[in-house]
Amino acid sequence: MTFDWAFFIERIVNPGTPYLNALGRTVTMAVLAMLLGLVIGLIVGFGRLSRFALIRSACAFYVWLIRGIPVLVLLVMLFSGMAAAGLFRFSDIEFLGIKLTASFQAAVIGLAIHEGAYMAEIVRNGVQAVARGQVEAAKSLGMSSWQVNWRIVIPQATRVIVPPFGNDFNHMLKTTSLASVIGVQEIFQVTEAISATTFKSFELLSVVALNYLVLTAIWNTIQGVIETRLRAHEIDRQVRTWWQSLVVYLTPSPSTGERRA
Amino acid sequence: MSGGERRLLVRAVGVRKLFGQTEVLRGVDLEVQRGEVLCIIGPSGSGKSTFLRCINQLETYQGGKIFVDDELIGYEEAGGRLRPLTNRQVVLQRRRIGMVFQQFNLFWHMTVLENIIEAPVRVLGQTVVQARDNAMRLLERVGLGAKADAYPMKLSGGQQQRAAIARALAMSPELMLFDEPTSALDPETTGEVLAVISELASTGMTMIIVTHEMGFARQVADRVVLMEEGQICHQASPEQFFGDQAPARLKTFLSTIH
């Protein structure tokens, strides 16, 4: 086997503007799709707990349908399928001076629709995990349903939602590579294009694989800090700032996970 | 409030409650005067807690009427018929009634102080400074002045329950409901919670207390009520209630728990 280490390292040290732009596109796509997916997930997740049977059914149907369709198929359907059928054709738009290509929009929306179905289940589970006594206590203090939801249910559900949410974002960072098939110039697509001209595919794919690994590793640390902050109520050390949270997260301590009975 | 002359605070007439096919309350009639401390005792499943929960509408009732300060709870009369109140109206009625739960139910994601100022700030519109001053006074009163910034999970059961009492008091309720406030506590901490409730009773707060603590009921209550199978079957002053002249069925019940 000949692995061109010099080339591999050169690509890491000096990736070039097209690749860096693609990296930006990968991260932006993941973040936007995740945020949009979270919004869909909150609406559909709460919808599944609605008092109205019609809303409950509609939301359950959404989850059932979307979870049964591969993301890749969904992306191609949105971008090429709908255009072919004359239903809808994405076109490039400019937003705050930034050009959003048609394929980028389709990718974000497709990934968000997909993520929304999974987020809905995560949100529903989180809300159902909030103890009934907490809601009753809030009601007995004269809080309105809106206040009970915003001040008690959502903050408490967040503690349950964040770990699986972070897990999904980890997935999302890598799932963005599927957008290459509809022509989004993200890191995988750009890598494929370069490898066609250099024939050093293995080295280039190694670089892109390492890149995904670094992205998920960064995210894992951020997630750990967020989770540490959310567990402030059960940690002995003070975690009021992000810095303290990072220190607590990075310090292995057997006592942090302990709960008082 | 103009009701200085009105002595009656709570009036329940023939209250009925169904859980599916099961009739949990089968016509409860009860009156509570302002400043009175009423203890409800009875076997489990007799409907004591359910009745308490109907008063502040954590449960709905299907028959009879409950009035607090002459205001019908949970319903309004429209064209000779009773119509359930809207959520907004329910919320307004609950503000005047404080409740203390068996499982404390402190908001675990907030510190003790945050727990106490939450409703005064959000519901009553007090400023944070105002609410905090009042909260600190209440915490001193229940002996938790040093625990204001602690999270509930770091407190003992007795401390949590005392904080929960302070939280309910922060809304300046006219009526306090206690749903087995010491049933989840061990004997050592039960005493400290009962002491706080006794102190509150001595200030003239109107209270309805569901309890299994007979000694406490005897000491703190103005009147003791026995509930059985969804009805009130005996009520008397504590002296009479626990005395030698009590009816046979009451003696039977009391002997089962001692």
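Before reading further, recall that the structure is shown in the block above.
These lines cover the structure that appears in this document, whether it is placed above or below. Only a predicted model underlies this, so the values are computations on that prediction, with no experimental measurement involved.

What counts and how
- Residues numbered from 1 in each chain as written.
- Chains lettered and ligands numbered in written order.
- Predicted model: local features only at pLDDT ≥ 70, side-chain atom pairs only at ≥ 80, totals over all residues.
- Helix = DSSP H or I, 4+ residues; strand = E, 2+ residues; numbered from the N terminus.
- Rg over C-alpha atoms; globule rule 2.2 N^0.38 Å.
- Buried ≥ 20, exposed ≤ 12 C-beta atoms within 10 Å, placed from the backbone.
- Contact = placed C-beta atoms within 7 Å.
- Nonpolar A, V, L, I, M, F, W, Y, C, P; charged D, E, K, R; others polar.
- Core = buried A, V, L, I, M, F, W, Y, C linked by C-beta atoms within 7 Å.

## Side note on the overall build of chain B
Helix and strand counts for chain B stand at nine helices and twelve strands. Its C-alpha radius of gyration of 18 Å places chain B within 12% of the 18 Å reference for a compact globule of 258 residues. By its C-alpha atoms, chain B is 50 × 50 × 40 Å across when sized along the principal axes. Going through the 258 residues of chain B one by one, you find that 44% of them count as buried. Sequence separation of 24 or more characterises 66% of the internal contacts of chain B that already satisfy a separation of 6 or more.

## Topic: the interface of chain A and chain B
Across the contact, 20 residues belong to chain A and 21 residues belong to chain B. Those elements that provide at least two residues to the side of chain A that touches chain B are α6 (132-140) and α7 (145-175) of chain A. Among the residues making up the side of chain A that touches chain B, the classes are represented as five nonpolar, nine polar and six charged.

## Regarding the nonpolar core
Grouped together as the largest cluster of nonpolar side chains are 118 residues, with contacts concentrated most on A107 of chain A together with L38 and A166 of chain B. With 14 residues, the top contributor of residues to this core is helix α5 (residues 102-128) of chain A. With residues near it in sequence (within four places) discarded, A107 of chain A still touches M29, L75, A179, I182 and V184 of chain A. Grouped together as the second largest cluster of nonpolar side chains are eight residues, Y19, A22, I187 and V208 of chain A included.

## Focus: unusual backbone geometry
Residue and element names in this part refer to chain B. Although it is not a glycine, F104 adopts a positive phi angle of roughly 65°. Note on F104: 25 C-beta atoms within 10 Å, which makes it buried. Notably, E180 is not glycine yet its phi reads approximately 45°, a positive angle. Within the secondary structure, E180 is located in the loop between β9 (175-179) and α6 (187-202). The exposure class assigned to E180 is buried, which follows from the 21 C-beta atoms found within 10 Å.

## Overview of the environment of G41 of chain A
Residues and elements named next belong to chain A. For G41, the position within the fold is in helix α2 (residues 17-47). Overall, the presence of 26 C-beta atoms within 10 Å leaves G41 in the buried class. In sequence terms G41 and R89 are 48 residues apart; their C-alpha atoms lie 25 Å from each other. Once residues within four sequence positions are removed from consideration, G41 is found in contact with G116, M119, A120, I122 and V123.

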